Amino acid sequence: MARYVGAIDQGTTSTRFMVFDREGRVVAAAQKEHRQIYPEPGWVEHDPLEIWERTQEVIREGLGRAGLTGEDLAALGLTNQRETIIVWDRRTGRPYTNALVWQDTRSNAICQELTAEGGPDRFRDRTGLPISTYFSGPKLRWTLEQVPGVRQAAERGEALFGTVDTWLLWWLSGGPEGGVHVTDVTNASRTLLMNHATLDWDPEILAILGIPRAMLPAIRPSSDPDLYGTTRPDGPLAAAVPLAGALGDQQAALVGQAAFAPGDVKNTYGTGCFVVMNTGERRVLSRHGLLTSVAYRMADEPAVFCLEGSIAITGALVQWLRDNLGIIQSSGEVERLARSVEDSGGIYFVPAFSGLFAPHWDSRARGLLIGLTRYVNRGHLARAVLEATAYQTEEVLRAMRQDSGASLAELRVDGGMVANDLLMQFQADLSGIPVIRPQVAETTALGAAYAAGLAVGLWDGRETLQRLWREDRRWQPTWGEAHREEALRGWLRAVERAMGWLEA
Ligand SMILES: Nc1ncnc2c1ncn2[C@@H]1O[C@H](COP(=O)(O)OP(=O)(O)O)[C@@H](O)[C@H]1O
Ligand SMILES: O=P(O)(O)OC[C@H](O)CO
């Protein structure tokens with residue numbers, strides 16, 4: 001039997017391909033960026049064919065560098081940026097328009113209309129989500145309304161809809177020549193169109209949004225022994241590899257962290273932060289600004305749910321220090337600058353550059369730096385930038401405790417910012433729980449590989465994956481409760497001032 005599992009990680013800014021061995025170690029990797037297209041303020045697009053091109057390139061490059069072929073892979077897993085939509089012609093594979101990316105806010109008027117008719121939470125009981133431009137459903141409605149010919153093509157059964165998993169699985173399995181039209185349940189749970197009780201498209205929501213059922217993919221488990229299909233031997237893998245696992249990227253990171261027990265929490269620190277808590281088969285509907293989604297569904301087992309707090313700007317604020325202010329040359333330098341001072345000098349930086357996501361969901365909030373005196377220097381600014389990430393995470397963790405009733409024993413972390421020792425220690429101090437980084441930092445791709453490998457029997461169960469998870473480093477909390485509360489109180493006062501800044 002082939003000894004390795006491949007994983008495609010199609011993210012917002014780049015596409016990676018990785019190969020893992022049975023110990024969960026990386027044996028091959030390649031990565032390529034794709035263009036970010038901003039045609040109008042608030043619009044964010046990707047070229048779907050460019051994404052498919054980059055995917056093929058990283059597969060060929062990753063395999064080539066490691067001296068492997070498609071025949072060495074027991075299965076292929078896929079993980080992806082979530083919520084982003086693509087609509088294409090099933091006869092040719094040509095998209096009708098660019099991908100509307102999760103950050104794209106052009107469906108704002110549609111969301112306002114839906115909210116005016118039934119309130120922001122009218123679909124929450126069924127989908128776990130509030131109405132927001134973030135999710136796929138309003139983006140698809142916009143496309144059906146605004147892109148000439150799409151509605152008619154959908155009604156004739158020619159137009160297909162998909163999130164990025166669906167698009168890539170369709171191409172990998174043959175495209176116009178017999179490609180499979182499927183999505184995994186975790187991606188479907190971010191569309192605002194899937195009913196948690198049936199794990200299928202909700203007919204009433206489809207009717208309200210005017211979405212033809214015929215254009216939607218079949219919803220499948222995240223790890224599927226029946227396979228979604230196999231890769232085409234004339235494709236980038238040059239072999240018929242089983243397509244056996246798919247998950248949205250934040251759920252994949254939860255799986256890659258082996259966070260399989262209810263109450264387990266992971267935080268991925270990248271451009272933004274995504275905090276996800278496993279709530280088991282219990283579905284917790286948030287009353288504190290969190291989202292409820294499917295965490296994973298393995299084969300024909302019941303779905304496991306999660307609570308999620310999505311934070312828009314964290315690592316992006318470090319990039320802003322580098323690119324817009326030029327006070328550091330690289331993201332890594334922020335730590336040295338922050339260490340040049342003892343604390344933030346009393347300042348707080350609320351990075352609400354495009355409003356605030358969880359737990360506030362305020363699109364009218366804007367960035368704010370407060371508490372400035374003549375004492376403050378660039379070192380304090382660097383500290384405030386790092387602390388903003390930890391404060392936003394702590395707000396989400398508190399909401400999770402309130403919603404779930406769980407106490408949260410530890411925080412498992414991954415993503416680019418976890419190289420920052422100062423930030424990790426501050427997070428442990430502020431949150432009062434150990435912060436733990438695993439040896440394999442590529443948890444997103446690893447989670448997709450695990451889902452695929454489980455389906456084909458390369459691993460025999462989740463207990464085995466839990467044993468493979470190994471700690472690299474741990475930061476212990478050192479502050480008392482009074483210190484934690486005081487620090488957070490200052491942050492909350494700053495957030496209050498940033499909210500509602502835009503007048504309309
Ligand atoms: N040492 C560091 N300290 C703080 N931030 C960092 C450090 N290294 C990288 N970053 C930030 O992490 C982000 C990149 O992380 P990554 O996980 O690759 O993000 P994404 O997957 O969202 O593109 C960037 O925003 C960068 O500014
Ligand atoms: O591709 P990332 O890592 O920026 O993740 C994007 C998220 O899935 C959006 O919800």
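Per-chain numbering applies: the sequence of each chain, read as written, is numbered from 1 onward. Each chain gets a letter, beginning with A, and each ligand a number, beginning with 1, in the order they are written. Reporting of local features is limited, given that this is a predicted model, to residues whose pLDDT is at least 70; pairs of side-chain atoms are given and counted only at 80 or more, and all residues count toward the totals for whole chains, interfaces and linings. Values shown for side chains rest on all heavy atoms present in the structure; no hydrogens or waters enter the calculation.

- The name given to the chain in an unreviewed UniProt entry is Glycerol kinase, with Limnochorda pilosa as the source organism.
- UniProt positions are given in the numbering used here, feature names are shortened, and annotations may be inferred rather than shown by experiment. Recorded in UniProt for the chain, the comment headed Catalytic activity (unreviewed entry) runs: "glycerol + ATP = sn-glycerol 3-phosphate + ADP + H(+)".
- As recorded by UniProt, the Function (unreviewed entry) comment attached to the chain reads in full: "Key enzyme in the regulation of glycerol uptake and metabolism. Catalyzes the phosphorylation of glycerol to yield sn-glycerol 3-phosphate."

## Overview of the environment of Ser-107
Item 1. Secondary structure elements are defined from DSSP: runs of H or I of at least 4 residues count as helices, runs of E of at least 2 residues count as strands, and each element is numbered from the N terminus. Mapped onto the elements, Ser-107 comes out in the loop between β7 (99–100) and α2 (108–118).
Item 2. Between the C-alpha atom of Ser-107 and that of Trp-142, which follows or precedes it by 35 residues, the distance is 6.1 Å.
Item 3. Not counting residues within four places of it along the chain, the set of residues in contact with Ser-107 comprises Thr-133, Pro-138 and Lys-139. Whether two residues are in contact is decided by their heavy atoms: any pair within 4.5 Å suffices.

## Topic: the UniProt feature "binding site: ATP" (unreviewed entry) in the chain
Item 1. Per the UniProt record, the feature "binding site: ATP" (unreviewed entry) sits at Thr-12, Thr-13, Ser-14, Thr-271, Gly-315, Gln-319 and Gly-416.
Item 2. Summarising the element assignment, Thr-12 is placed in the loop between β1 (4–10) and β2 (14–20).
Item 3. What makes Thr-12 buried here is its relative accessible area of 18%.
Item 4. Apart from residues no more than four positions distant in its own chain, Thr-12 is found in contact with His-34, Gln-36, His-46, Gln-81, Val-101, Trp-102 and Gln-103.
Item 5. With respect to the element layout, Gly-315 can be found in helix α10 (residues 315–325).
Item 6. Note on classification: 1.4 Å probe, protein chains only; a residue is buried when its accessible area is under 20% of the maximum for its type, exposed when over 50%, partly exposed between these limits. Take Gly-315: its relative accessible area is 11%, and that puts it in the buried class.
Item 7. When neighbours within four sequence positions are excluded, Gly-315 is seen to be in contact with Gly-270, Thr-271 and Met-417.

## Looking at the pairing of strand β14 (residues 242–248)
Item 1. Buried residues dominate β14, accounting for seven of its seven residues.
Item 2. At least two DSSP bridges between two strands are needed for those strands to be called paired. As paired elements, strand β5 (residues 73–80) and β14 share five bridges and run parallel to each other. Looking at β14, one finds that Thr-79 is bridged to Leu-247.
Item 3. Bridging between strand β13 (residues 229–230) and β14 involves two bridges; their strand directions are antiparallel.

## Observations concerning the layout of surface pockets
It is the rolling of a water-molecule-sized probe over the atoms that shows where space remains empty.
Item 1. A 1.4 Å probe that fits into a set of points on a 1 Å grid over the protein atoms alone but cannot get out defines a cavity; an open set with protein on both sides within 12 Å along at least five of seven lines defines a pocket, and lining residues are those with an atom within 4 Å of a point. Grid points are joined across faces, edges and corners, and a volume is the space filled by probe spheres set on the points. In this structure, the second largest pocket occupies an estimated 370 Å³ of space.
Item 2. As for the second largest pocket, its lining consists of 17 residues, of which Asp-343, Glu-387, Phe-426, Trp-479 and His-483 are closest to the centre.
Item 3. If you list the elements that add at least two residues to the lining of the second largest pocket, you get α12 (378–404), α13 (421–431) and α16 (481–498).
Item 4. Only Asp, Glu, Lys and Arg are considered charged, only Ala, Val, Leu, Ile, Met, Phe, Trp, Tyr, Cys and Pro nonpolar, and every remaining residue, Gly among them, polar. A breakdown of the residues in the lining of the second largest pocket according to their chemical character gives seven nonpolar, four polar and six charged.

## Comments concerning the site of ligand 2
Item 1. In the vicinity of ligand 2, the contacting residues are Gly-11, Thr-12, Gln-81, Arg-82, Glu-83, Trp-102, Tyr-134, Asp-249, Gln-250 and Phe-274.
Item 2. Contact distances for ligand 2 include 2.9 Å between an oxygen atom and a side-chain N or O atom of Arg-82.
Item 3. Between an oxygen atom of ligand 2 and a side-chain N or O atom of Glu-83, the distance comes to 2.7 Å.
Item 4. Using a 1.4 Å probe, accessible areas were evaluated by the Shrake-Rupley method; residue-level cover was limited to the displayed protein chains. For ligand 2, the accessible surface in isolation is 310 Å², of which the surrounding protein chains cover 84%.
Item 5. Tallied by class, the residues present in the shell around ligand 2 amount to three nonpolar, four polar and three charged. The cutoff for a nearby residue is simple: one of its non-hydrogen atoms must lie within 4 Å of the molecule or strand. For the purposes of these results, a polar contact is taken to be a pair of N or O atoms within 3.5 Å, where, inside protein, one atom must be able to donate a hydrogen and its partner to accept one; residues adjacent in sequence count only when each atom of the pair is a side-chain atom.

## Comments concerning the packing of aromatic side chains
Item 1. In summary, the pairing rule links any two rings of Phe, Tyr or Trp, Trp by its six-membered ring, whose centres are within 6.5 Å, and it sorts them by plane angle into stacked for under 30 degrees, edge-to-face for over 60 and tilted for everything else. Under the defined criterion, the tally for this structure stands at 21 aromatic pairs.
Item 2. Pairing Trp-102 with Phe-274 gives two aromatic rings, centres 6.1 Å apart and planes at 70°, and the pair type is edge-to-face. A residue pair is termed long-range when its members are at least 10 positions apart, and Trp-102 in the loop between β7 and α2 and Phe-274 in strand β16 (residues 273–280) qualify at 172 residues.
Item 3. Relative accessible area serves as the criterion here: at 13%, Trp-102 is assigned to the buried category.
Item 4. Of the residues examined, Phe-274 reaches a relative accessible area of 11% and is grouped as buried.
Item 5. Judged by centre distance (5.1 Å) and plane angle (20°), the rings of Phe-357 and Trp-361 are stacked.
Item 6. Using a relative accessible area of 19% as the deciding quantity, one classes Phe-357 as buried.
Item 7. According to the relative accessible area criterion, Trp-361 is partly exposed, its value standing at 28%.
Item 8. Three or more aromatic residues link up through ring pairs in this structure, and these residues are Trp-102, Tyr-134, Phe-135, Phe-274, Phe-357 and Trp-361.

## Some remarks on the site of ligand 1
Item 1. What surrounds ligand 1 is a group of 15 residues, the closest being Thr-271, Gly-315, Ser-331, Gly-416 and Asn-420.
Item 2. One of the backbone nitrogen or oxygen atoms of Gly-416 is found 2.8 Å away from an oxygen atom of ligand 1.
Item 3. Taken by itself ligand 1 offers 580 Å² of open surface, and the protein chains cover 74% of this.
Item 4. Sorting elements by how many residues they give to the shell around ligand 1 places α10 first, with four residues.
Item 5. Of the residues contributing to the shell around ligand 1, the split by class is five nonpolar, 10 polar and no charged.

## Looking at the environment of Thr-271
Item 1. Note on placement: Thr-271 falls in the loop between β15 (265–269) and β16.
Item 2. Judged by relative accessible area, Thr-271 falls into the partly exposed class, the value being 48%.
Item 3. As for Thr-271 and Ala-494, which are separated by 223 residues in sequence, their C-alpha atoms are 22 Å apart.
Item 4. The residues contacting Thr-271, other than those within four sequence positions of it, are Ala-312, Ile-313, Thr-314, Gly-315, Ala-316 and Gln-319.

## Overview of the sheet that holds β13
Item 1. Read from one edge of the open sheet, six strands run β3-β2-β1-β5-β14-β13, paired in mixed fashion. The two strands at the open ends of the sheet, each matched to only one other strand, are β3 (26–33) and β13.
Item 2. In this analysis, axes come from line fits to C-alpha atoms, helices being fitted only over the stretch in contact, and the angle between any two N-to-C directions falls in the range 0 to 180 degrees. Packing of helix α6 (residues 164–172) onto the sheet brings it into contact with β1, β5, β13 and β14, and relative to β5 it is tilted by some 145°.
Item 3. Packing against the sheet, helix α9 (residues 249–256) makes contact with β5 and β14, and its axis sits at approximately 105° to β14.

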